[in-house]
Amino acid sequence: MADTTRVIRVHALARVEGEGGLRLRMRGDTVTEAALDIYEPPRFFEGFLVGRGYEEVPDVTARICGICPVAYQISSVRAMERLLGITVDPNVERLRAMLYYGEWIESHALHVFLLHAPDFLGYEDALTMAKRYPDQVEGGLRLKKFGNTVMRVIGGREVHPINIRVGGVHRAPEPEELAPLADALPEALGIAETAVRWVSRFSFPPYDGDYQYMAVDSADYPLVGDGVATNRGLKVGVDGFEEVVEERQVPHSTALHAEIRGEGPYLTGPLARYNLGRARLAPRARALADEIGLPHPLGNPFQSIVVRCLEMVHALESLKVLLAAYRRPDAPFAAVPLKAGRGAGVSEAPRGVLYHRYEIDGSGRILSARIVPPTAQNQAQIERDVVRFAPQLVELPQDEMSWRLEQLVRSYDPCISCSAHFLKVSWDRET
Amino acid sequence: MNGRLLAGIGHPGAGDDAVGWVVAARWPTEARGWTVRATADPVAVVPDMATAARIVVVDAVTGHGWRPGGLVWLRPGIVADLGAARASTHDFGVAWALRLAEILYPGVIARTRIAGVALPPGAASVGTALSASLAWAVPRIQVFIRRQEEAGLMHERLLMQSLVEEASAQVPAGAGRVRRVRATVADTEQMDPATLALHFADLARGTPVDGAVLEVAVRAVAWRCVRCGHEWQADAPPDACPECGGACLPTEAEGLWLEEIEWDADS
């Protein structure tokens with residue numbers, strides 16, 4: 001085995017959002033090359049935002065993703081509101097948080113039950129898994145439906161909601177319009193709690209990523225904030241994000257790779273939020289983490305499926321509190337005093353930190369835009385993990401090794417459609 | 001198990017590809033006994049399929065030369081021949097959702113009909129409204145769906161209401177008397193042209209097509225097996241290919257179309 005060269009190519013990763021592949025070359029037990037090929041066409045969103053009005057950002061950027069459009073809406077309006085000095089009504093913030101948690105629930109339910117769980121139970125896909133685990137899959141679909149319902153009731157649509165605007169929301173519902181959510185919430189919470197216990201009993205390959213984690217810096221469990229923080233003591237306000245995070249182009253990907261300057265790859269997403277925010281989980285979620293004995297800190301990416309389930313519990317508990325506290329604001333949105341400037345915003349998409357930065361002129365026309373999605377931030381770390389994890393698999397047959405590596409990549413729930421957004425593409429591929 | 005579920009699939013901002021969503025979102029309020037879901041996500045309606053006695057899924061279809069706005073009833077057997085199960089979330093389509101529903105709630109596929117609405121070739125997508133051919137087709141698609149599921153519905157009258165509205169909109173201001181309206185209907189709809197003409201004459205009163213004669217030609221629909229390619233003629237929708245048992249598609253869309261209007265030059 002020592003002198004054997006093995007090439008593993010997963011041409012199309014299954015059960016991920018978007019289109020990508022994985023390429024690995026090993027010599028003996030050593031990985032000589034690992035590349036997450038992201039060949040989804042470039043999206044050019046930052047380019048075609050230039051010249052458009054400031055007010056268009058939530059609806060244009062939402063189209064980057066059908067799974068996490070609210071993340072794009074929230075990061076974009078927070079950037080604009082910071083730029084323009086707008087303070088948003090607390091009840092509008094509550095509405096936005098509820099909408100965002102709805103997205104977390106539908107996105108996490110999709111990933112846990114339809115994309116990732118089959119890996120741990122030895123099934124090709126959710127269809128074959130559903131024959132043996134119909135109750136779990138149906139529960140997952142009901143959770144997802146609850147998340148979709150939150151999106152529809154507050155956002156106006158299940159996919160690409162239309163209610164978010166700079167300064168607030170277009171329409172603030174009456175509290176009684178939200179009553180169906182409160183009625184359906186206990187069933188969803190029960191399903192999510194059962195899911196935590198179910199996935200916690202999966203068998204997880206041993207691996208510790210020894211990560212530098214990054215999450216939104218917040219007094220609450222990370223969702224929105226004005227900066228980011230890492231587990232190694234880095235704290236930076238949102239205006240300093242680009243001084244800390246460096247993006248670079250790599251030949252094999254239409255997504256940029258991100259690194260912390262001078263320190264290298266980092267990880268964002270559920271594991272980062274859990275490691276940085278465990279003490280601020282909602283009480284039931286925290287008690288469940290204790291009950292299942294989930295380690296903290298947690299460095300095994302395969303166990304992110306457990307954290308996603310915990311985060312669904314957290315989101316549902318948070319929704320319950322927000323629903324009870326919500327009062328219809330006097331005005332659904334604040335006045336927008338236009339001025340030239342530059343502003344940035346961050347929030348926690350289901351897959352991690354999502355950064356937006358805009359520059360506008362005095363009439364509100366966008367002069368430049370920059371979007372750093374979580375999958376692009378995680379890509380370098382994913383490749384590093386593949387390099388470190390693959391040597392554990394050298395004794396396995398090629399098919400099983402490929403499958404294990406795919407399982408690892410799926411642990412990060414990569415959203416490839418979101419990440420493929422840079423402008424120049426040059427290909428350098430093996431033949 | 002009770003009630004009927006209508007699931008209209010499409011993205012409301014995606015031009016003609018939104019047609020399934022539009023059929024559901026504009027579902028007539030007088031239609032009783034329906035649970036209606038308009039969604040871009042077929043998987044989202046799977047839980048709703050558990051208890052529905054009858055299910056109709058409406059989605060855009062393309063690729064077989066079908067006339068835009070036409071209705072294509074996809075028989076349950078086609079589900080097994082559509083879509084891929086192991087792929088990215090971009091492939092979580094109608095066929096995948098129905099397969100999953102069948103596993104969770106056996107018998108769903110037998111209770112389901114898929115109403116495909118044919119798109120124009122190269123249909124525009126993001127950010128546009130429905131093209132004219134599809135916009136006019138929506139009310140008729142709704143009638144054809146209700147006709148399948150609601151016993152005793154006066155579907156001829158509803159169809160002619162839609163035709164009168166479409167024809168009236170096509171008559172230019174200042175046109176003379178409208179002499180004739182020509183339409184075609186698929187033989188699979190099993191409609192009597194004389195009955196349609198009676199309803200048309202009644203409903204046209206007071207409209208720009210008042211007094212026009214309606215001529216309805218019946219189009220024969222052929223069928224093609226998606227598995228073996230066998231083609232044959234049948235005046236009722238077949239469930240399976242007589243040669244191999246595979247699922248079949250019509251060679252042209254079913255439904256009813258306005259073909260021509262003839263009016264006098266001077267008013």
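As a convention, each chain's residues are numbered from 1 in the sequence order in which they are written. Chains carry letters and ligands carry numbers; both start at the beginning, A for chains and 1 for ligands, and go up in the order they are written. Reporting in this predicted model follows two pLDDT cut-offs: at least 70 for local features of residues, and 80 or more for side-chain atom pairs to be given and counted; totals over whole chains, interfaces and linings ignore these cut-offs and use all residues. No hydrogens and no water enter the side-chain calculation; it runs on all heavy atoms of the structure.

Visitor: Explain empty space enclosed by the protein to me, using residue names and the numbers behind them.
Guide: Both site types are read off a 1 Å grid over the protein atoms alone. A 1.4 Å probe that fits but cannot get out defines a cavity, while an open set with protein on both sides within 12 Å along at least five of seven lines defines a pocket; lining residues have an atom within 4 Å of a point. Grid points are joined across faces, edges and corners, and a volume is the space filled by probe spheres set on the points. Throughout the structure, instances matching the rule amount to 2 cavities of 30 Å³ or more. Here the largest cavity is characterised by a volume of approximately 70 Å³. As for the largest cavity, its lining consists of Leu267, Thr268, Gly269, Pro270, Leu271, Pro301, Ser304, Arg308, Asn378, Ser411 and Tyr412 of chain A. Secondary structure follows DSSP: runs of H or I at least 4 residues long count as helices, runs of E at least 2 residues long count as strands, and numbering of each begins at the N terminus. Looking at the lining of the largest cavity, the elements that each hand over two or more residues are strand 12 (267–268), helix 9 (270–277) and helix 11 (304–325) of chain A. Polarity classes work like this: nonpolar for Ala, Val, Leu, Ile, Met, Phe, Trp, Tyr, Cys and Pro, charged for Asp, Glu, Lys and Arg, and polar for all others, with Gly in that last group. When the residues that make up the lining of the largest cavity are grouped by side-chain class, the tally is 5 nonpolar, 5 polar and 1 charged. Contributing to the lining of the second largest cavity are Pro42, Val45, Met49, Val57, Val94, Ala97 and Leu98 of chain B. Looking at the lining of the second largest cavity, the element that brings in the most residues is helix 2 (residues 94–104) of chain B, giving 3 residues. By residue class, the composition of the lining of the second largest cavity is 7 nonpolar, no polar and no charged.

Visitor: Give a description of the nonpolar core that names residues and reports values.
Guide: Nonpolar cores were defined as sets of buried Ala, Val, Leu, Ile, Met, Phe, Trp, Tyr and Cys residues, with membership established by side-chain atoms within 4.5 Å. For every residue, the accessible area (1.4 Å probe, protein chains only) is compared with the maximum for its type, and the residue is labelled buried under 20%, exposed over 50%, or partly exposed between those bounds. Formed by 153 residues in total, the largest nonpolar core has its most connected members in Leu114 and Leu143 of chain A. Per element, the largest residue contribution to this core is 17 residues, and it comes from helix 4 (residues 90–121) of chain A. For this analysis, residues touch if any pair of their heavy atoms sits within 4.5 Å. The residues contacting Leu143 of chain A, other than those within four sequence positions of it, are Ile105, Ala109, Phe113, Ala188, Ile191, Ala192, Met312 and Leu316 of chain A. Formed by 48 residues, the second largest nonpolar core is a distinct cluster that contains Ala31, Phe200, Ala212 and Leu256 of chain B.

Visitor: So what about the pattern of salt bridges? Which residues, and what values?
Guide: All names here are of chain A. Whenever Lys or Arg places a side-chain nitrogen within 4 Å of a carboxyl oxygen from Asp or Glu, that contact is recorded as a salt bridge. Scanning the entire structure with this criterion turns up 42 salt bridges over all chains. Among the ionic pairs, Arg328 bridges to Glu174, the shortest N-O distance being 3.0 Å. With Arg328 in the loop between helix 11 and strand 13 (341–349) and Glu174 in the loop between strand 5 (168–169) and helix 7 (179–200), this pair connects stretches of sequence that are 154 residues apart. Arg328 gets classed as partly exposed once you look at its relative accessible area, which sits at 38%. On the accessibility criterion, Glu174 (31% relative accessible area) is partly exposed.

Visitor: Quick one: what's the story with the environment of Val238 of chain A, residue by residue and with numbers?
Guide: All names here are of chain A. Following the sequence through the fold, Val238 ends up in the loop between strand 9 (235–237) and helix 8 (241–244). Residue Val238 is classed as buried on the basis of its relative accessible area, which comes to 2%. For the pair formed by Val238 and Pro118, sequence separation is 120 residues and the distance between their alpha carbons is 38 Å. Those residues in contact with Val238, other than ones at most four positions away along the chain, are Arg82, Asp226, Gly227, Ala344, Gly345, Val346 and Tyr355.

Visitor: Could you give an account of the side chain of Ser304 of chain A, naming the residues involved and the relevant values?
Guide: Checked against the element boundaries, Ser304 of chain A lands in helix 11. Discounting chain neighbours no more than four positions away, the residues touching Ser304 of chain A are His116, Leu271 and Ser411 of chain A.

Visitor: Hey, could you go over the confidence of the model for chain B for me, with residue numbers and the actual values?
Guide: All names here are of chain B. Here chain B shows a mean pLDDT of 86. Residues at 70 or above account for 92%. Strand 1 (residues 4–9) holds the highest mean pLDDT among the elements of chain B, 96, whereas strand 10 (residues 248–250) holds the lowest, 83. On the interface metric, ipTM, the complex scores 0.81, and its pTM is 0.87. pLDDT is a residue-level measure of predictor confidence that goes from 0 to 100.

Visitor: I'd like a description of the sheet that holds strand 10 of chain B, backed by residues and values.
Guide: All names here are of chain B. A sheet is described by the order of its strands in space; here 3 strands give the open sequence 9-8-10, paired in antiparallel fashion. Across the chains shown, the open sheet's two edge strands, defined by having one partner strand only, are strand 9 (231–233) and strand 10. Each neighbouring strand pair of the sheet contributes to a mean axis angle of 30 degrees, computed without reference to strand direction. DSSP-based pairing: two strands are paired if at least 2 bridges between them are found. One ladder, built from 3 bridges, connects strand 8 (residues 222–225) with strand 9; its direction is antiparallel. Bridge pairing links Trp223 to Trp232 in strand 9. Axis definition: a line fitted to C-alpha atoms, limited for helices to the stretch in contact. Angles are taken between N-to-C directions and run from 0 to 180 degrees.

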